[in-house]
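Each chain is listed here by its residues.
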Amino acid sequence: MTGPPEPTPSQTVGPFFAFGLPFDGGGDVVPPGTAGAISLHGTVRDGNGAPVPDALLEFWQAGPDGRLPTRGGSMARDGRTFTGFARVPTDRAGDYTVRTLRPAPVAGSTEAPHLAVTVFARGLLFHLFTRVYFPNHTEANAADPLLSSLPPERAATLIAVPDGWFGGPGYRFDIRMQGAGETVFLDLTGDGAQRSSTIDGAGPA
Amino acid sequence: MTAAIREAATAPPQRGGHPDRAYAPYRSTALRAPSQPLVVASPSLVERTAPVFGAADVAPIDADLTQHSTGEPLGERIVVTGRVLDAAGRPVRHQLVEVWQANAAGRYRHDGDLHPAPLDPHFVGGGRCLTDDDGRYRFVTIKPGAYPWRNHHNAWRPAHIHFSLFGTAFTQRLVTQMYFPGDQLFALDPIFSSVTDEKAQQRLIARYDHDTTVAEWALGYQWDIVLDGPGATPPDPDEV
Ligand SMILES: [Fe+3]
């Protein structure tokens with residue numbers, strides 16, 4: 001009997017993903033003019049605080065109804081179905097912008113509303129996970145298992161900052177890959193009965 | 001460079017065979033690897049699901065990178081196929097697989113690629129497809145060339161195809177690179193060598209497969225991909 005297969009290791013996205021991964025309108029989770037649309041924007045910076053012009057960000061979230069999308073069309077987008085998925089490269093200034101709707105709490109979830117984020121970049125051999133939370137959910141954020149476990153200055157790196165935007169309400173979410181004000185990045189593999197018990201033989205019960 | 005790679009290889013391998021983000025021989029990691037340890041968190045309900053792609057997102061021709069122009073690209077035509085599996089060995093069905101690569105001369109169609117090798121007017125180098133009921137993907141393309149980069153003196157990347165994969169959960173997201181068997185550049189390449197465990201390195205290398213080869217037309221390679229991280233569905237009781 002053979003055990004479960006071993007994972008395929010990660011490799012960097014490299015500098016030349018521009019014609020492979022970004023797609024037209026990748027940051028437009030909702031079309032311009034959508035009622036309640038917000039912009040989520042920011043700058044990705046390295047350990048020196050310099051902008052990172054060759055990063056790629058992905059966002060995944062529930063809709064304003066608290067539901068996670070289950071229908072295809074995350075790239076083609078019919079303009080009506082909320083797909084909850086965005087993919088944006090940073091520009092030469094290290095900036096990105098996403099237009100979306102605020103997520104509502106997911107039924108049965110103990111977490112405050114948030115967007116799941118993946119960071120890819122040249123020079124990053126294995127992507128990073130983080131989350132975007134919103135400041136107005138004061139009570140939910142205080143009860144959130146992740147936010148409440150972090151020192152306040154680290155939790156603050158996960159909370160978007162309201163700021164204006166030409167198209168309506170906006171939030172700034174900067175990502176600092178390393179050093180002062182480093183964004184909290186997550187190890188999400190620790191969950192699994194599934195993996196740690198089979199690979200290490202001593203996982204959680 | 002080989003000395004730096006050899007020294008870095010003495011560090012204990014990372015869980016799952018993944019590279020250490022702070023891998024010194026790849027210079028660009030120096031300012032981009034986090035200095036704080038990752039915060040261990042239980043995946044949220046959001047992270048336990050994944051973006052959904054479907055027939056509207058991918059056209060059948062997107063899987064044939066030799067058909068994106070009016071003419072035939074130059075180079076060695078190949079078929080690359082395999083299955084996408086989760087950590088329990090179950091097929092990842094109907095999920096998005098994306099690839100991008102250099103042309104046969106080792107040149108990317110990208111403004112930032114300064115390698116003085118020719119662009120091919122008939123080759124773009126990006127493709128996508130959805131896995132089938134069995135988790136299988138299949139691309140027709142051109143074997144990419146090796147190319148120089150500026151990491152250190154006389155640095156060359158072994159021929160590779162970049163792959164992007166989604167699983168049934170956001171936690172399973174993977175971007176990686178597929179290599180070709182027998183490449184003399186493996187031990188000289190800090191990106192390949194950032195996977196320090198030899199068995200894990202083998203998992204990055206496709207296998208030449210004569211049954212996949214199409215007579216009078218294209219050489220065939222098989223490469224299975226196993227996604228790490230907790231999946232969306234509990235393990236099948238029959239498999240436990
Ligand atoms: Fe490359």
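Residues numbered from 1 in each chain as written. Chains lettered and ligands numbered in written order. Predicted model: local features only at pLDDT ≥ 70, side-chain atom pairs only at ≥ 80, totals over all residues. Heavy atoms only, no water.

**Points about the overall build of chain B**
Right, so step 1: Along its length, chain B carries three helices and 12 strands.
Right, so step 2: Against the globule reference of 18 Å for 240 residues, chain B gives a C-alpha radius of gyration of 19 Å, in line with a compact fold.
Right, so step 3: Dimensions of chain B along its principal axes, counting C-alpha atoms only, are 50 × 45 × 35 Å.
Right, so step 4: Relative to its 240 residues, chain B shows a buried fraction of 55%.
Right, so step 5: Intrachain contacts of chain B at a sequence separation of at least 6 include 70% that bridge at least 24 residues.
Right, so step 6: As displayed, chain B offers around 10500 Å² of accessible surface, 55% of which is attributable to carbon and sulfur atoms.
Right, so step 7: If you average the places of the 22 positive and of the 28 negative side-chain charges in chain B, the two averages end up 5 Å apart. (Helix = DSSP H or I, 4+ residues; strand = E, 2+ residues; numbered from the N terminus. Rg over C-alpha atoms; globule rule 2.2 N^0.38 Å. Buried < 20%, exposed > 50% of the residue type's maximum accessible area, 1.4 Å probe, protein only. Contact = heavy atoms within 4.5 Å. Areas by Shrake-Rupley, 256 points an atom, 1.4 Å probe, with all protein chains shown as cover. Lys, Arg positive; Asp, Glu negative; His and termini not counted. Charge placed at Lys NZ, Arg CZ, Asp CG, Glu CD.)

**Considerations on the overall build of chain A**
Right, so step 1: Looking only at helices and strands, chain A features three helices and 10 strands.
Right, so step 2: N-terminal to C-terminal, the α/β element order of chain A is β-β-β-β-β-β-α-α-β-β-β-β-α.
Right, so step 3: Compactness check: chain A gives a C-alpha radius of gyration of 18 Å against a globular reference of 17 Å for 205 residues, within 12% of the reference.
Right, so step 4: Counting only C-alpha atoms and orienting by the principal axes, one finds that chain A spans roughly 60 × 40 × 40 Å.
Right, so step 5: For chain A, contacts bridging at least 24 residues in sequence account for 71% of all contacts bridging at least 6.
Right, so step 6: A total accessible area of about 8200 Å² is found for chain A, and carbon and sulfur atoms account for 55% of it.
Right, so step 7: Of the charged side chains in chain A, 15 are positive and 20 negative, and the gap between their average positions amounts to 6 Å.

**What about the environment of Phe17 of chain A?**
All names here are of chain A.
Right, so step 1: In this fold, Phe17 is placed in the segment before strand 1 (38–45).
Right, so step 2: Residue class for Phe17 comes out buried when judged on its relative accessible area of 5%.
Right, so step 3: Residues Phe17 and Glu153, 136 residues apart in the sequence, show an inter-C-alpha distance of 34 Å.

**Observations regarding the coordination of the iron ion**
Right, so step 1: Note on the iron ion: its protein donors are Tyr108 of chain B (OH), Tyr147 of chain B (OH), His160 of chain B (NE2) and His162 of chain B (NE2). The metal-donor distances range over 1.9 to 2.2 Å.
Right, so step 2: Each of the four donor atoms bound to the iron ion contributes to angles spanning 90 to 160°, and the resulting shape is irregular. (Donors = N, O, S within 2.8 Å, 3.2 Å for Na, K, Ca; no water. Tetrahedral: all angles 85-135°; square planar, octahedral: opposite > 155°, others 65-115°.)

**A short note on the interface of chain A and chain B**
Right, so step 1: Listed per partner, the contact involves 74 residues of chain A and 84 residues of chain B.
Right, so step 2: Taking both partners together, chain A and chain B bury about 6900 Å²; carbon and sulfur atoms supply 61% of that area.
Right, so step 3: Of all residues in chain A, Gln11, Phe16 and Phe19 of chain A bury the most surface against chain B, accounting for 12% of the area lost on that side.
Right, so step 4: Our count for the chain A to chain B interface comes out at four salt bridges.
Right, so step 5: Among the salt bridges present, the one from Glu58 of chain A reaches Arg173 of chain B, with a minimum N-O distance of 2.6 Å.
Right, so step 6: There are 40 residue pairs in polar contact (both at pLDDT 80 or more) connecting chain A and chain B.
Right, so step 7: When residues of the side of chain A that touches chain B are traced back to their parent elements, those giving at least two are strand 2 (55–60), strand 3 (85–89), strand 5 (114–121), strand 6 (128–133), strand 10 (186–187) and helix 3 (193–199) of chain A.
Right, so step 8: Examining the composition of the side of chain A that touches chain B, we find that six residues originate from one element, strand 5 of chain A, more than from any other. (Buried area = accessible area lost by both parts, 1.4 Å probe. Salt bridge = Lys/Arg side-chain N within 4 Å of Asp/Glu carboxyl O. Polar contact = N/O pair within 3.5 Å; in protein donor to acceptor, adjacent residues only side chain to side chain.)

**Some details on the nonpolar core**
Right, so step 1: With 30 residues, the main nonpolar core has Leu40, Leu57, Phe59, Tyr96, Val98, Val119 and Val132 of chain A as its most contacted residues.
Right, so step 2: Contributing elements (two or more residues each) for this core: strand 1, strand 2, strand 3, strand 4 (95–100), strand 5 and strand 6 of chain A.
Right, so step 3: Ranked by residues supplied to this core, first place goes to strand 5 of chain A with four residues.
Right, so step 4: Ignoring anything within four residues of it in the chain, the contact list for Val119 of chain A reads Leu56, Leu57, Leu124, His127, Leu128, Ile175 and Phe185 of chain A.
Right, so step 5: With 27 residues, the next largest nonpolar core counts Leu68, Val106 and Leu147 of chain A together with Leu96 of chain B among its residues. (Core = buried A, V, L, I, M, F, W, Y, C linked by side-chain atoms within 4.5 Å.)

**Overview of the sheet that holds strand 9 (residues 174–179) of chain B**
Residues and elements named next belong to chain B.
Right, so step 1: Here we have four strands laid out as an open sheet, ordered 4-3-8-9, and antiparallel in their pairing. Because the sheet does not close on itself, it has two edges, and the strands there are strand 4 (126–130) and strand 9. Across the sheet, the mean angle from the axis of one strand to that of its neighbour is 20°, orientation sign disregarded. (Pairing = 2+ DSSP bridges. Axes fitted to C-alpha atoms, helices over the stretch in contact; angles between N-to-C directions.)

**Considerations on the confidence of the model for chain A**
It should be kept in mind that the predicted coordinates are not to be read in detail where pLDDT is low.
Right, so step 1: Here chain A shows a mean pLDDT of 90. Residues at 70 or above account for 90%.
Right, so step 2: Long-range and interchain partners of residues 192–205 of chain A, a stretch whose pLDDT sits below 50, account for 23 contacts in this model, where long-range means more than four residues apart. (pLDDT = per-residue confidence, 0-100.)

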